Amino acid sequence: MKTHRKGFTLVELLVTFVVIATLGGLGLACIQNVRKRARSVVEINAARNLITGYLGYAAENSGLLLKGFDNQGSATNLEGKSVGFPASARYPWRLAPSVPKVEGVLLYNGNESALKGSNSDYMVSVSSNMGINATLVGGYYHSAAPMDASKTRLIDTYGKFFVSNLSEANNPGSLIVFASARGGREMGGYYEVRPPNLTGPVWSRGKFEESNPGLDHGYVDFRWGGKAVVAMLGGNVELLDEERLRDMRRWSNQASVADDPDYLITRQ
C-alpha cells in the first residue's frame, strides 16, 4: 500500500516566509540596538577620560579652567609640530596633552578619520565628538563669539558671566563642560556646544530632530535615544534629555547661583 507525503500548501509557505522575515527583522533590530548601545558606552567612557583630563589641566594650573576657544592659545599635534590658527584656538589640541590619547577620547565611533589627510590638524580641532561649553565655562574669546568681539568689552558690558576657576563653581556636579555634539547632518561631532540662552534664546523652540541643523540646539546632539552624554565640572558623566538640558542652571554658574532655570545674561 502506497503512502503519499503531503506537501506544504501555498498558504503554509507564505506563513513560513512571513515568520522567517519577522524573526529576521527582529534579529536585525536587536543587533542594531546592541551596536548603538556599544557606541554609547564608547562615548560615555570617552567623556570620563575627557573630563578627567580637563580637571587634570585645572589641577596643574592652580584651578584655572582651559578656555574652550582662545585666540591667544598655542598647541602642537601628535607629531609635536605647531598647530596653526584657528585649530590652535579650539580646545581639542590644547587639551590633547592632558588626555590618554586622541583616538577613543576626542575622536571615536567613526570620527577617527579626521586624523587622516593633509588637513588633519584642522579636522581634529573642529570635529571632536563632544563639544565644550566654551562661552560659560573657561571663556570664549574670539570675534565669532555670540556676544561682543573683545574680551575686555565683554566683561565691561556683561560682567564676569563665565566661570574661569574651579574654585568659583557653585555646583560643579551639575555644571556642563562637555556634551555630545554635531555640527550638521553629515558631521558627527563639533568642538563647541552652546546653552539654550545667552543674552536671548539660542536654541529653537521646537523639539530636537536629527534632520534639523545642529545650531537649532546649540550643536548639542541627542543621539542616544533622545539623550546626550554630558560631562560635568564635578567629574561626573550622565545621559540627559532635552528637557533637562534646557535648564540654564546646568550651563551657567550665574544661573546656578541665582537658581534661575531660564537665566539670561544681562548688561551690568
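All values derive from a computational prediction rather than experimental measurement.

Enquirer: For this particular structure, what's the right way to read a nonpolar patch on the surface?
Expert: Taken together, Leu 10, Leu 14, Phe 17 and Ile 20 make up a surface patch of nonpolar side chains, about 460 Å² in accessible area. With respect to the element layout, Ile 20 can be found in helix α1 (residues 10-60). For Ile 20, a relative accessible area of 53% corresponds to the exposed category.

Enquirer: Please clarify how the pattern of salt bridges should be interpreted in this entry.
Expert: A side chain with one charge may pair with a side chain of the opposite charge, provided their charged atoms come close. According to the stated counting rule, one finds nine salt bridges in the structure shown. In this structure, Glu 79 and Lys 81 form a salt bridge, with 3.6 Å as the shortest nitrogen-oxygen distance. Notably, a salt bridge pairs Asp 259 with Arg 249, separated by 2.8 Å at the nearest N-O pair. Pair noted here: Asp 259 is in the segment after α6 (253-258) and Arg 249 is in the loop between α5 (242-245) and α6, with a separation of ten residues, a long-range link. Overlapping salt bridges, with partners in common, bring together Glu 43, Arg 182, Asp 221 and Arg 223 in one network.

Enquirer: Got a minute to help me understand the pairing of strand β5 (residues 227-232) in this structure?
Expert: For a regular strand, side-chain orientation follows a simple rule: the groups alternate between the two sheet faces. Within β5, five of the six residues are buried, which leaves the element mostly enclosed by the surrounding structure. Pairing between strand β4 (residues 176-180) and β5: three bridges, direction antiparallel. The partner of Phe 178 across the bridge, within β5, is Ala 231. Bridge count for β5 against strand β6 (residues 237-241) is five bridges, and the pairing is antiparallel. Looking across to β6, one finds that Lys 227 is bridged to Asp 241.

Enquirer: Whenever I open this one, the packing of aromatic side chains confuses me. Can you help?
Expert: The description of two aromatic rings rests on the distance between their centres and on the angle between their planes. In total, this model carries eleven aromatic pairs according to the counting rule given. Pairing Phe 69 with Tyr 191 gives two aromatic rings, centres 6.2 Å apart and planes at 45°, and the pair type is tilted. With Phe 69 in strand β1 (residues 69-70) and Tyr 191 in the loop between β4 and β5, this residue pair connects regions lying 122 residues apart in the sequence. What makes Phe 69 buried here is its relative accessible area of 2%. Pairing Phe 208 with Phe 222 gives two aromatic rings, centres 5.3 Å apart and planes at 70°, and the pair type is edge-to-face. In this pair, Phe 208 sits in the loop between β4 and β5 while Phe 222 sits in the loop between β4 and β5, placing the two residues 14 residues apart along the sequence. Through a chain of ring-to-ring contacts, three or more aromatic side chains come together here, namely Phe 69, Phe 85, Tyr 190, Tyr 191 and Tyr 219.

About the cut-offs
Residues numbered from 1 in each chain as written. Predicted model: local features only at pLDDT ≥ 70, side-chain atom pairs only at ≥ 80, totals over all residues. Heavy atoms only, no water. Patch = residues over 30% accessible without salt bridge, like charges linked within 9 Å, V, L, I, M, F, W, Y side chains within 5 Å. Areas by Shrake-Rupley, 256 points an atom, 1.4 Å probe, with all protein chains shown as cover. Salt bridge = Lys/Arg side-chain N within 4 Å of Asp/Glu carboxyl O. Helix = DSSP H or I, 4+ residues; strand = E, 2+ residues; numbered from the N terminus. Buried < 20%, exposed > 50% of the residue type's maximum accessible area, 1.4 Å probe, protein only. Pairing = 2+ DSSP bridges. Phe/Tyr/Trp six-rings, centres within 6.5 Å; stacked < 30°, edge-to-face > 60°.

So yeah, pure geometry; function would need other evidence.
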